[in-house]
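Chain by chain, the residues run as shown.
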Amino acid sequence: MKFSRNSLRLIAAFRGVPKDCFERPLPPPKPFAQVLNQTVQRTAKLYSPTFQILQAHWNDWFRGTEFQSVIPERLDRWSALWLKAPDAIVRQKLQFKSEQLLKTLNALVPGKIESVRWVG
């Protein structure tokens, strides 16, 4: 964060004031049930039936193809499938075939996968 020259002078003038005068009180902690519920909602698609089917059948579907070395990492809340490639060369090569992969996957799994993202 950048401060203006006048702000810096004011801050320098307040250096002698105890910290307790400036600090905001901490908000009360969230209940465990609320934190757990938010976490489950964020990761719900990670354990969705579509993602479980992808993990279970990926090797069978893509055996003998260029996509055999790729591992499905997660399916996010925007229905983007994250795939982990073994190295940057394979990742770049397969990025050009993302549309073909999407058509194939949407024909094989329930639900719609909107896009493919690549992880190294």
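As a reminder, the structure under discussion sits directly above these lines.
Numbering of residues starts from 1 in every chain and runs along the sequence as written. Side-chain atom pairs in this predicted model are given and counted only at pLDDT of 80 or more, local residue features only at pLDDT of at least 70, and totals for whole chains, interfaces and linings cover all residues. Note that water and hydrogens are dropped before the side-chain values are worked out from all heavy atoms of the structure.

Novice: Just checking my understanding: could you explain the side chain of Thr50 for this structure?
Specialist: Every helix listed is a DSSP run of H or I at least four residues long, and every strand listed is a run of E at least two residues long, numbered separately from the N terminus. Take Thr50: it is sitting in helix H3 (residues 49–62). Ignoring any residue separated from it by four or fewer positions in sequence, one finds Thr50 in contact with Leu75, Val109, Pro110 and Gly111. Residues are treated as being in contact if the distance between any of their heavy atoms lies within 4.5 Å.

Novice: Help me out: how do you make sense of helix H5 (residues 98–108) in this one?
Specialist: In an α-helix, one full turn covers 3.6 residues, which means residues spaced three or four apart are oriented alike. Every buried residue of H5 is listed here: Ser98, Leu101, Leu102 and Leu105. All buried residues of H5 fall inside an arc of 100° around its axis, so they share one side. Along H5, the residues that are exposed and aim more than 90 degrees away from the buried face are Glu99, Gln100, Lys103 and Ala107. Residue exposure (1.4 Å probe, protein chains only): buried if accessible area is under 20% of the type maximum, exposed if over 50%, otherwise partly exposed. As used here, the arc is the angular range of directions from the helix axis to the C-beta atoms.

Novice: Looking at this structure, I do not really get the sheet that holds strand S2 (residues 80–84). What am I missing?
Specialist: Pairing between the strands of a sheet is mediated by backbone hydrogen bonds and can be parallel or antiparallel. Here the rule is simple: two strands pair whenever DSSP picks up at least two bridges between them. An order of S1-S2-S3 is seen for the 3 strands of this open sheet, with the pairing classed as mixed. Edge positions in the sheet fall to strand S1 (71–75) and strand S3 (115–119), since each of these pairs with one other strand and no more. Pairwise comparison of adjacent strand axes, ignoring direction, gives a mean angle of 30° for this sheet. Two strands pair when backbone bridges link them, and S2 and S3 are joined in this way by 5 bridges, in the parallel orientation. Directly across from Leu83, in S3, lies its bridge partner Trp118. Think of each axis as a best-fit line through the C-alpha atoms, taken over the contacting stretch in the case of a helix, with angles from 0 to 180 degrees between the N-to-C directions.

Purely geometric numbers; function is a separate question.
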